[in-house]
Amino acid sequence: MAKNQSILDKNLSKGKAEVNLSTFAVLFSEIIAYVQQRVKSGEELHDKLVSLGRFIGIRMLDLIVLREKGYKRETKLLGMLMFLKSTIWKNLFGKEADRLERSNDNPRNYHLIEKEPLVNTYISVPKDNSLNCAAFSAGIIEAMLEASNFPCKVSAHWHEGATTYLIEFDESVIDQGLNFLMKNFRRLPRFSNIRRQSSAASKFVPKQITTLPVFLHNHLFPNVEVPSTASNDAFSKKLEILEKPVLRNANLLQHFEAVAREKTDTYSAYMDEMMQWNLEKLYKLLPKEFNFRTGWTRYDHQTGEITEVSHPLESCSVFDVEVCVTDAEPKGKLPTMAIALTSKAWYSWCSKRLVENTPYYDFATTNEMIPLSVDGEDRKARLVVGHNVGFDRARTREPYLQYKTGLRYFDTLSAGASIYGMADHQQGLYNKDDLTEEKTIFRKDWAAMKLEKLMAKWRTNATKVSLKDLCKFLLSEDKDRLSKKISMMKKTERDYFVKEPIMFFRETKNFQECMAYCALDVIATAKAFQKLVPKFREMYPSPVTLYGFLNMGDAYLPINRYWPQYYDSCEKALLEQKQQNSIQIVKSAKTLCEETNITDPWLWTEDWKLSRKDSNPRWYNNLFANAEQRALSIEDIGDDTLNVRYGKLIPKIFGMVYGPYPLYDHPVYGWGYLIPVVNECREPDDFVELGKEKSKVLMPAGALWNIYNERFGFAPKELLVDLSVEENLKKIGPFYYKQLEKASGHKSTKIATPFALTYKSLLGRLLKPTRFQKEFNDFVSDFFTTKFWISYSKRFADEIHVWQPEASDIELPSKTDSKLENATKLIGALAPGIRPAGTVSRRAVHALWVTMTNVKDEKESRIGTHLKSMVQAPPGYCIVGADVDSQEQWLAAIMGDASDAAGLDQNERRPGRTPFSNMALAGHRSDNSDLHSVIANDLKIKRDTAKILNYARLYGAGITNAKNTLMLRKLKQSVIPFFLEFCKVNGLMDSFVRAGGQFFVPTYSLDDDDGSEKPSSRLFEEWLIQELRNRGFSISDSTTFKPIPEIYENFSSTEKYFIGGYESSTFNYLVWSARQGQMCTPVLKCILGSGLSIPQNCTGTEKQLFLDTFMRSRMNWVVQSSAVDFLHLLLLSMDWLCTEYDIGCRFMISIHDEVRYLCKDEDVGRCALALMWSNAYVRATISQAIGIQQLPMNIAFFSEVDVDSVLRKSVTAPCKNPDGTVPKPGESWNMEMVLEKTDGKLSKGTI
C-alpha cells in the first residue's frame, strides 16, 4: 500500500502543466460571488480582487523563480518585466501576455496588454465596463514586482476591447545608480560647436530701469547697497523734503505684520474667546419664548433674567437678521427681527413696524437700523460673526455713521468660500453626475476612466457655501446631537420671510417659530465659525490677511437726495424706451399677419392657427400679456403690453439672417442658422420633426432656398459653409443647423438670443434684417440703451439708503420735481454688503459695486451708467483715491524676475530683468515699446486686442496655443552649479528654464537623432559620460546611448515650460507654482483653498489629471490672490499712516484696483501723500519679500491721486445729476503736485 504524501513532501521543481478550465471557472466565480457580498461599490470590488491577487502573487513568485531560474532573481527592471510577460504568464495562464509597452507620457509607467484574460472568460461584463475581474491578475503582478524590489501600483483597465494592466512604478525604481559620482565633478570643458537658437527674447533689447534715489532706497531697503541705476534727477532732489515715517522694523513685511497685530489683536482675542464657547450648552439655554417688543431683549444665561437693553452688552457676538421681503416701501429691505448670541446671554430684536404696526417712512434713518453699540462706546473694538454678514451689516446702525467705529464683522461665508469654495467652472462640475462631456477631453482611455474616481475624491474637499451646505460639510464627522440637528436643518421658515406679509409674523405662534429658526441659524453660524477659524489661521498665517478680511467689507458710500431720484429718472426713461420698442414690434407683427403665412421662412415653426375670438394667428396673440392688452390701439400700447417671453419672436419678425443664412431657433441649442444641402433643397416642402415631442411641422424648404437666391443670385455654392470641415451640425430636413458662435466662458448649451452683447458688433453687418429695416435699427438702439439698466436696476434698488436722523427736519421736494435745491443738504449713506473674500482667489464680491461698468465718453447714452457718480461727498469732505497702476501685470512681471534670478547674486536680482517685466516697467506706448504694442506689432493685430490677449494669457488662457514650449526635466540640486558653469562657458544660458529656484532642461529622445542641434541636456550628459571615463569609471557603451536618470530630480516626470518668449519667465513661474502640491502666495503665504488643491492620496496619473483639468484656475489664483495681498497691505498702510498722523479720513470702498477714501477738506493733501507713501511701501514690501531689493522709480508712487466730489473712474469721466446739473470736475495730483501742496509733510500743519 502506497504511503500518502502531504503537500510539503512534494517536489517543488515539478508541477502539473494545466488545470481544467471548468474547474478554474467554478472556483473563480465563487471568489467573485464571495467578494461581491462584502463590498458596496465597484471600486471596492476592484480593490478587494487586487488584494486577493496579491495573496497569490507573493507565494507564486518564489515557486516560479525556483522552477524556472534556479532561484536566481532578476535585479534589472527590464529583465523582470520580460520575465513577467513571458515565463510568469505561461506558468499562470498557459500563454505569454500579448504586449509589453512603455508609456510615452510617463517613463515610470508600463502597460502589460492581454487581449483575452483567462479570469474574464466566463464573466458577464456590465455595459458601462465598470467591472474588470482582471484586477485579480493586477494584484498578482503588483505583489511579484514589489517582492522583487520594484515597488509599484498596478490596476486593470479596459482598452479597445482588451485589458491593459497599468504598472506605475515608484520613483525610487528609476532614480538609482550614479548619485555618488556627482561628488567627483570638477571644471567642465568648453563645447565650441554649439549654435544658439534665436528667439523673441534674444532679439529683445532691454531698457535700463531707473530705481529709487539714494535716500528713499536707504529708507525702504536699509543695509542693501544702492544700485548704480538710482535716480539722481531734479525730481529726485525734490523728494528729499519728504517726511519719512518711523518703521517698526527694517524688514517691511515684519513692520506691517507688527502694525497688523496691533490693529487685530483685540479681534483675534475675541475669536479665541468664541472658540471656547460650549455651543451645545448655549443652545440648551435658548429662551422658551421670545419677547415680542420693540428693540433689544436680553435673556441671561446664568440667571434667566429677561431685560430690555439698548444693544448687546458683550464685545463679541454671533448675529443674524431676518427681513420680511413682501413688506411695503422700501420693499423688503429694512430689518424685521434679529437674534444675537454672546457668551453670557441670548438677545432678540424686533422692529417698531413689526411690533407697533407703524407705517414706513419715506426714507429710513439710522433710527430704523439695529444698534450694536451706543454713542460714546461705538469706537470700542467689537466683533460680530455672521454668515453672509454683509447682508446683516447693512441693517445695523454703525456702518452709516460718518466716522469710523470699532465694529468689525467676520463673514463665515467668505471664509468658507476662500477655504473650501470652488471656482465658477467647478460649480457646474460639482453638480454633474454624468461626466461624459468632460471625459472626451482626455485622449487616453485610462485617464477618462480615472476621472470619475478623481472627482469623487475632489468633492470631499470642496463644498457650496450656503449656511446649510457649509455646515453639512464641516460637521459631517461630528456625532453630537446639535451637529446632527444643524446638518439636517430645513429652510421651511425662510420661505415665510419671502412670501408672507408682515402681519403673519405678528401672530404669536408664527413669531416664536420664526425666532427659533433665526436662533438655529445663529448657532449653526457659530458652529461653522468654530470649525473655520483654525483652518483660516493655518491657511492665512499673516495678521495682515486677517486685517484685510475684517476691513475690506467696512465700506461706506456717502449719498444725497440725488441717489433715490436717479433711480426714479432711470425707471421713467426705461419705461419710455420699452413702450417705443413695443410699438415697433406690434406694428411689424401686424403687417406680417396680413402679408405672409405658414410658409414664411422664419415663422414656419410658430402656431398659425386662427383664434376664434379675433381671427389673429395664435403666435401674434401670444405676443401680448393678455387679451385686454391685445385690444389696445397702437397709440395706447404701454411698456407692459407685451408678454415677457415675446423676445424669441423678434428675430423672426425682422426676418434675420447670418450672412446668407436664415436664423433658426433650435429647441435644444437655441439660435443658429440653416445651411442648405445643395442637392436636397430643390425638393418640395416637407414635414420635419422638431422638439422633444418630435411633433411634425411643415418646413418651407423652397422659401428658405429663395432667401439665398434673392440675396446672392444663382451661384450660391461659393458662399455656402464648407460642410466637409464642419462638425456637430444638426440635420433638419434639407438643411444643416449651425449654432451661433458662443462667447468665451459661455456655460449654457443654448444661445438664448442673437441680441446678446457678444453679437453687438455683428448686428447690421452679418446679423441683418430682411424686412422692417428702420424698425430693426430703432429696436437695436433701444435694446442696448436699456440693457444696462435692466441688468442693474434691481441691484441698485436693493441698496439700502439710510439718512442721518436730522434729515427728517429737512423739507423734501416731491420725486417729480426737476430741481432739488436741498439735495446736497440731505446726508445719507450706503453700507454695501460686500463679501471680503467671496471667491477662491479671495477677491471681494458685490453684485453692484464690484461689477460696475464705467462711463467711457460723453456720448454714453445707456440708461443707468452714471449711477456710480451718485455717490457724492457731503459738504466739507472730498473723495480721495487712486488706481493701482497695472497691478496684476506688475505682480506677474516681478514674480518672473524673481524666479529667473533665484540663486544669483544680489546685484543680478533686479526689476526688469526679463523681457516681459522690462516692457511693463520701461516700455512706453509713445514709442511702441510697451508690452501691448510689442505683441500687437509681432502678431499684426490691434493694440487693444493685444491687451486683451496679454491679460488672458496672464490668467492661463491660450497656454495650449503657445508655440515655444518644451518638455523639460528637473535637475538635482547637486548638479545645478556644474550645469550652470557648463551653460555659461558654452553660451547656453537661454537653453534651460529657471522657475521657483529650480532648474529644468529639455528632454530628448534618441529617435530624434537626425543630425540637428542637440539640446543642452544631452550635451551635458555626453560630457558627463566622458568625464567619468576619464576618471577611471567603467561605463558600458550602452549607457552612452540613453538619458542618465540619476542627474534628474525625478527622471520619470516631465513638465512643459516656455522658452525664448517675452513672457516665458513669468509663465514658467506661474506654471511651476500651479504644479506645487501646496500653493501659496509669495508674500503673505496665503494657501490655496482645497477646492483647487490636489486631493489627498492623489498621485501619479490622478495628480496629473487634476492638474490638467484645473491648471488655468491654479495659475490664475497665483496672480489674483497676490493682488489681494497687495490690496490688504495697501489698506493697512493707509490705516497706519492716517492713525499715526491723525489724518481725518475713512475707507470708502475698493473696486478691483481702485481705492477710495472720504476725507475732510483740510486733510486732503496729507491723505494724498499717505496714498503715495502707501504705494511705495507696498511695492517695496513685495519686492523685498521675493528677493528683489530694488524698486523702479516710475512705479514707486501712484501716477495720480484723484481728488473729487463724486465717485467715478477718473476725474474727467462725464457724469450728470438727475436734475441736469453737472458736478464740478475733480483734480488729479501727481507726486510733484502733492509735494507742493503738503511740503512733503504728513504731520498736521500742512494744507
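Residues numbered from 1 in each chain as written. Predicted model: local features only at pLDDT ≥ 70, side-chain atom pairs only at ≥ 80, totals over all residues. Heavy atoms only, no water.

1. Some details on the overall build of the protein
Then step 1. When you go through the protein residue by residue, the secondary structure sums to 38 helices and 32 strands.
Then step 2. Burial status across the protein gives 53% buried among its 1247 residues.
Then step 3. Taking the contacts inside the protein whose residues are at least 6 apart along the sequence as the reference set, 73% of them involve residues at least 24 apart.
Then step 4. Only carbon and sulfur atoms are counted for the fraction: they give 49% of the accessible area of the protein, which is about 58,300 Å². (Helix = DSSP H or I, 4+ residues; strand = E, 2+ residues; numbered from the N terminus. Buried < 20%, exposed > 50% of the residue type's maximum accessible area, 1.4 Å probe, protein only. Contact = heavy atoms within 4.5 Å. Areas by Shrake-Rupley, 256 points an atom, 1.4 Å probe, with all protein chains shown as cover.)

2. Overview of the packing of aromatic side chains
Then step 1. Per the counting criterion, the structure on display carries 49 aromatic pairs.
Then step 2. An angle of 90° between the planes, with centres 5.3 Å apart, marks the rings of F410 and F529 as edge-to-face. Here the residue F410 occupies a position in strand β12 (residues 407–411), and F529 occupies one in helix α20 (residues 508–539), the gap between them amounting to 119 residues.
Then step 3. Accessibility expressed as a relative area gives 0% for F410, which makes it buried.
Then step 4. Geometrically, the ring pair formed by F536 and Y540 is edge-to-face, given 5.0 Å between the ring centres and 80° between the ring planes. Across this residue pair, the class does not change: F536 and Y540 are buried.
Then step 5. Put simply, the rings of W563, Y566, Y567, W789, F796 and W849 touch in pairs and so form one group of aromatic residues.
Then step 6. Just above the ring of F391 sits the side chain of R395; from NZ or CZ to the centre is 3.8 Å.
Then step 7. Lying across the ring of Y792, R795 places its NZ or CZ 4.5 Å from the centre. (Phe/Tyr/Trp six-rings, centres within 6.5 Å; stacked < 30°, edge-to-face > 60°. Lys NZ or Arg CZ within 6 Å of the ring centre and 35° of its normal.)

3. Section: the pattern of salt bridges
Side-chain pairing between opposite charges can occur once the charged atoms of the two side chains come close.
Then step 1. For the structure shown, the criterion picks out 45 salt bridges.
Then step 2. Put simply, D900 and R913 hold a salt bridge, and the shortest N to O gap is 2.6 Å. A residue pair is termed long-range when its members are at least 10 positions apart, and D900 in helix α28 (residues 887–900) and R913 in the loop between α28 and α29 (915–922) qualify at 13 residues.
Then step 3. Across the pair K1241 and D1239 runs a salt bridge whose closest N-O atoms are separated by 4.0 Å.
Then step 4. What emerges from the salt-bridge pattern is a single network uniting K868, D883, D1153, E1154, R1156, D1202 and K1209. (Salt bridge = Lys/Arg side-chain N within 4 Å of Asp/Glu carboxyl O.)

4. Things to note about the confidence of the model for the protein
Then step 1. Of the residues in the protein, 77% reach a pLDDT of 70 or more, and the chain-wide mean stands at 81.
Then step 2. For the protein, per-element mean pLDDT is lowest for helix α15 (residues 436–439), which scores 45, and highest for strand β9 (residues 345–350), which scores 98.
Then step 3. A low-confidence stretch, residues 434–447 stays under pLDDT 50, and its non-local contacts, those more than four residues away or across chains, total 24 contacts.
Then step 4. Scored below 50 in pLDDT, residues 957–964 shows ten contacts in the model against residues more than four places distant or in partner chains. (pLDDT = per-residue confidence, 0-100.)

5. Overview of the pairing of strand β16 (residues 670–676)
Then step 1. β16 sits mainly inside the fold: seven of its seven residues count as buried.
Then step 2. As paired strands, strand β15 (residues 661–666) and β16 are joined by four bridges and run antiparallel to one another. Looking across to β16, one finds that Y664 is bridged to G672.
Then step 3. Hairpin remark: β15 followed by β16, antiparallel, with three residues in the connecting loop.
Then step 4. Of the pairings in the sheet, the one linking β16 to strand β20 (residues 735–739) comprises five bridges and is antiparallel in character. Bridge pairing in β20 links I675 to Y736. (Pairing = 2+ DSSP bridges.)

6. A word on unusual backbone geometry
Then step 1. Backbone geometry at N223 places phi at a positive 65°, although glycine is not the residue there.
Then step 2. Here N223 is to be found in the loop between α7 (214–220) and α8 (234–238).
Then step 3. Using a relative accessible area of 81% as the deciding quantity, one classes N223 as exposed.
Then step 4. In this structure, F772 is a non-glycine residue whose phi angle is positive, near 55°.
Then step 5. Counting through the fold element by element, F772 comes out in the loop between β21 (767–768) and α27 (773–798).
Then step 6. Owing to a relative accessible area of 18%, F772 belongs among the buried residues under this scheme.

7. A word on the packing of α28 against helix α35 (residues 1100–1140)
Then step 1. Direction vectors running N to C along α28 and α35 enclose 110°, while the axes themselves pass 9 Å from each other. Between α28 and α35, the angle falls in the class roughly perpendicular. Taken as a pair, α28 and α35 cross one another with a handedness that is right-handed. For the pair α28 and α35, the contacting residues are Q887, E888, W890, L891, A892 and M895 in the first and V1118, V1119, Q1120, S1122, A1123, F1126 and L1127 in the second.
Then step 2. In the contact of α28 with α35, the residues fall into nine nonpolar, three polar and one charged. (Axes fitted to C-alpha atoms, helices over the stretch in contact; angles between N-to-C directions. Parallel < 35°, antiparallel > 145°, perpendicular 65-115°, else oblique. Left-handed = near helix turned anticlockwise from the far one by under 90°. Nonpolar A, V, L, I, M, F, W, Y, C, P; charged D, E, K, R; others polar.)

8. Details of the nonpolar core
Then step 1. L383, F410, W849 and F1197 are the most contacted members of the largest nonpolar core, which totals 216 residues.
Then step 2. With sequence-adjacent residues up to four places away left out, F410 is seen in contact with M271, L383, V384, V385, G386, V389, A415, F529, F536, F549 and L550.
Then step 3. Judged by nonpolar contacts, the second largest core, of 40 residues, contains V35, I88, L112 and A135. (Core = buried A, V, L, I, M, F, W, Y, C linked by side-chain atoms within 4.5 Å.)

9. Description of the sheet that holds β21
Then step 1. The antiparallel open sheet is built from six strands, whose spatial order is β19-β20-β16-β15-β14-β21. In this open sheet, the two edge strands, each paired with only one partner strand, are β19 (730–732) and β21.

10. Overview of the packing of helix α19 (residues 492–499) against α20
Then step 1. Running from amino to carboxyl end, α19 crosses α20 at an angle of 115°, the nearest separation of the two axes being 9 Å. You can see that α19 and α20 cross each other, and the crossing is left-handed. Together, E493, R494, Y496 and F497 of α19 and E513, C514 and Y517 of α20 make up the contact between the two elements.
Then step 2. When the residues that make up the contact of α19 with α20 are grouped by side-chain class, the tally is four nonpolar, no polar and three charged.

11. Observations regarding the environment of K76
Then step 1. By the secondary structure assignment, K76 is in the loop between α2 (42–69) and α3 (77–93).
Then step 2. The sequence separation of K76 and N149 amounts to 73 residues, and the corresponding C-alpha distance is 9.8 Å.

12. Concerning the side chain of D1219
Then step 1. Assignment of secondary structure puts D1219 in the loop between β31 (1201–1204) and β32 (1227–1229).
Then step 2. A polar contact is formed between the side chain of D1219 and the side chain of Y562, at a distance of 2.7 Å. (Polar contact = N/O pair within 3.5 Å; in protein donor to acceptor, adjacent residues only side chain to side chain.)

13. Remarks on the sheet that holds strand β11 (residues 382–386)
Then step 1. The mixed open sheet is built from seven strands, whose spatial order is β6-β5-β9-β8-β7-β11-β12. Looking at strand neighbours, the two that pair on one side only are β6 (306–309) and β12, the edges of this open sheet. Sheet twist, expressed as the average angle between the axes of neighbouring strands with direction ignored, equals 25°.
Then step 2. Direction of pairing for strand β8 (residues 337–341) relative to β9: antiparallel, over a ladder of five bridges.

14. Points about the side chain of R771
Then step 1. Tracing the backbone through its elements, the reader meets R771 in the loop between β21 and α27.
Then step 2. Accessibility expressed as a relative area gives 17% for R771, which makes it buried.
Then step 3. Only 2.8 Å separates the side chain of R771 from the side chain of D600, close enough to count as a polar contact.
Then step 4. The contacts of R771, once residues within four sequence positions are left out, are L592, D600, W602, L603, K652, I653, F654 and G655.

15. Things to note about helix α4 (residues 135–147)
Because an α-helix completes one turn every 3.6 residues, residues spaced three or four positions apart along the sequence face the same direction.
Then step 1. Spanning 13 residues, α4 covers 18 Å between terminal C-alpha atoms, matching the ideal 18 Å at 1.5 Å per step.
Then step 2. Within α4, eleven of the 13 residues are buried, which leaves the element mostly enclosed by the surrounding structure.
Then step 3. In the core, the buried residues of α4 are packed alongside α1 (21–36), α2, α3, β2 (109–114), β3 (152–159) and β4 (162–169).
Then step 4. Trailing α4 by a residue or two, N149 shows a phi angle of about 70°, which is positive. (Expected span 1.5 Å × (residues − 1).)

16. Examining the state of the cysteines
Then step 1. Applying the stated rule across the entire model yields zero disulfides.
Then step 2. As a non-bridged cysteine, C514 has C518 as the owner of its nearest cysteine sulfur, 9.2 Å distant. (Disulfide = S-S within 2.5 Å.)

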